[in-house]
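Okay, here's what each chain looks like letter by letter:
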Amino acid sequence: MRENLTRWLYQAMGFQSGLAKTQRIESISKAAKPNKTEPNAEDPKTDHIPISADVKYISWLKEHPSALSSFQEMMTSAEGKCVVVFLDYDGTLSPIVNDPDGAFMSDLMRSAVGDVAKLYPTAIISGRSRQKVYGFVKLDDIFYAGSHGMDIMGPAIQASSYDGKYQSKALDKKGNELTVFQPAQDFLPSIEKMLNELEETTSEINGALVEDNRFCISVHYRHVLQEDLGLLEKKIQALVAKYPGFHLTRGKKVLEIRPSIKWNKGDALLYLLETLGFANSSNVLPIYIGDDRTDEDAFKAVKSRGQGYPIIVSSNPRDTLASYSLRDPTEVLSFLIRLARWGELSAV
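Bear in mind that the values here come from a model prediction, so they are computed numbers and not experimental data.

Asks: Describe the overall build of the protein chain, listing the residues and the values that go with them.
Replies: Looking only at helices and strands, one finds twelve helices and 13 strands in the protein chain. Long-range contacts, defined here as pairs at least 24 residues apart, represent 63% of the contacts in the protein chain between residues at least 6 apart. Total accessible area on the protein chain stands at roughly 16700 Å², and carbon and sulfur atoms take up 52% of it.

Asks: I'd love a proper account of the nonpolar core, names of residues and values included.
Replies: Membership of the largest hydrophobic core comes to 56 residues, with the highest contact counts inside it found for Phe 86 and Leu 269. With near-sequence residues (within four places) excluded, Phe 86 lies in contact with Ala 123, Ile 125, Leu 269, Leu 272, Leu 273, Pro 286, Ile 287, Tyr 288 and Ile 289. Counting 43 residues, the second largest nonpolar core, distinct from the first, contains Val 83, Phe 136, Leu 333 and Ile 337.

Asks: Describe in detail the sheet that holds strand β7 (residues 209-212), supporting the description with residues and values.
Replies: Read across the sheet, four strands follow the order β7-β8-β10-β9 without closing on themselves; strand pairing throughout is antiparallel. Bordering the open sheet on either side are β7 and β9 (246-251), each of which pairs with just one other strand. Adjacent strand axes in the sheet meet at a mean angle of 20 degrees when their direction is disregarded. Pairing between β7 and strand β8 (residues 217-220): four bridges, direction antiparallel. Considered in β8, the bridge of Leu 209 is made with His 220. The strands touched by helix α9 (residues 229-241) within the sheet are β8, β9 and β10 (254-259), with β9 carrying the most contacts at an inclination of about 150 degrees.

Asks: So what's going on with the layout of surface pockets? Which residues, and what values?
Replies: In this structure, the largest pocket encloses a volume near 420 Å³. Lining the largest pocket are 29 residues, with Asp 90, Arg 128, His 220, Lys 252 and Val 254 sitting closest to its centre. The residue inventory of the lining of the largest pocket, partitioned by class, reads six nonpolar, eleven polar and twelve charged.

Asks: Can you tell me about the confidence of the model for the protein chain, naming the residues and giving the values?
Replies: Residues at a pLDDT of 70 or more form 84% of the protein chain, whose mean pLDDT is 86. Throughout residues 1-49 the model reports pLDDT below 50, and contacts reaching past four residues in sequence, or to other chains, amount to 52 contacts.

Asks: Report on helix α6 (residues 107-119), specifying residues and quantitative values.
Replies: Working note: α-helix, 3.6 residues per turn, so residues spaced by three or four point in the same direction. For α6, built from 13 residues, the straight-helix expectation of 18 Å at 1.5 Å per residue is met to within 8% by its first-to-last C-alpha distance of 19 Å. A large share of α6 lies buried, amounting to ten of its 13 residues. For α6, the complete set of buried residues consists of Leu 108, Met 109, Arg 110, Ser 111, Ala 112, Val 113, Gly 114, Asp 115, Val 116 and Ala 117.

Asks: Help me get a handle on helix α5 (residues 71-78), residues and values and all.
Replies: Taken together, the buried positions of α5 are occupied by Phe 71, Met 74, Met 75 and Ala 78. Buried residues in α5, looked at end-on, bunch into an arc of 95 degrees, giving them a common side. Away from its buried face by more than 90 degrees, α5 exposes Glu 73 and Thr 76. Buried residues along α5 sit against β1 (82-87), β11 (284-290), β12 (309-313), β13 (324-326) and α12 (329-347). Gly 80 occupies a position one or two residues after α5 and carries a positive phi of about 85 degrees.

Rules of the game
Residues numbered from 1 in each chain as written. Predicted model: local features only at pLDDT ≥ 70, side-chain atom pairs only at ≥ 80, totals over all residues. Heavy atoms only, no water. Helix = DSSP H or I, 4+ residues; strand = E, 2+ residues; numbered from the N terminus. Contact = heavy atoms within 4.5 Å. Areas by Shrake-Rupley, 256 points an atom, 1.4 Å probe, with all protein chains shown as cover. Core = buried A, V, L, I, M, F, W, Y, C linked by side-chain atoms within 4.5 Å. Buried < 20%, exposed > 50% of the residue type's maximum accessible area, 1.4 Å probe, protein only. Pairing = 2+ DSSP bridges. Axes fitted to C-alpha atoms, helices over the stretch in contact; angles between N-to-C directions. 1 Å grid on protein atoms, 1.4 Å probe; cavity = no way out; pocket = protein on both sides within 12 Å on 5 of 7 lines; lining within 4 Å. Points joined across faces, edges and corners; volume = space filled by probe spheres on them. Nonpolar A, V, L, I, M, F, W, Y, C, P; charged D, E, K, R; others polar. pLDDT = per-residue confidence, 0-100. Expected span 1.5 Å × (residues − 1). Arc of directions from axis to C-beta.

See below:
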């Protein structure tokens, strides 16, 4: 696996040497070379579609430049600082898939994340349950925050700024002491009741999938017929109305029920920075990579510190607080490989 990672590194580095010059015309070049999965660029009925999209994307890149073509510039600012890496999972480390239980990351991505974690404190902050994300990633040297940060297994040091009621000690598989922080503990009994009701009330809607994410509930509707979407949403809204301590949010083809507490991925990021000893430090450079609207809270938290890099994963222009961008998980992989390589060279 290490040999494969090295080979990929040289390929990625070779590709990136010319990326700065070609990044802004890459999409148009792709549009000019149709394949089986893309609209025919020579077809007058479709050729305006990719070009229009590419023009918008190129314009968007001026405000959110590629983190690959900007890598050297970014790392110049990182010299002498402690880099801390935060990653979303779905759509960032793994592609978005039709079956949420099949969102597996590649072995190459796992190796890249593992190499990064050997050099920098690394955490994954996901909307999934912490246990489920660990089951996908299977790495013991990183921290995990599930349920949009409402279930964190982090460093052993307890954060003094946070309620000790929700912090407890635990051991990882290697016997190392960690701290578990769960600020939504009080909501678990209601969540269990809602899960049972949701499974029953959505059972008559084909394609609806209820996912237990421990401190929040996800209802996936990717396979629900268009004519059934309205009914599904009404059922979920009616259920949420019975539980005043909860609210409904939206993601990519998913509706999520969450406890109404002041806590999100940005709060989880700040909590982890404090437990790592960087609460008020100017000697730290956090990097957060994510693709979902829930990651905007983390982007905001990074920018509020006045240091660090929020990076959005998107191949389409969209409103975001991120400073840089990557197109897809493949580019995330290239970025992580380069980051690990940069760390290795800096340590020499």
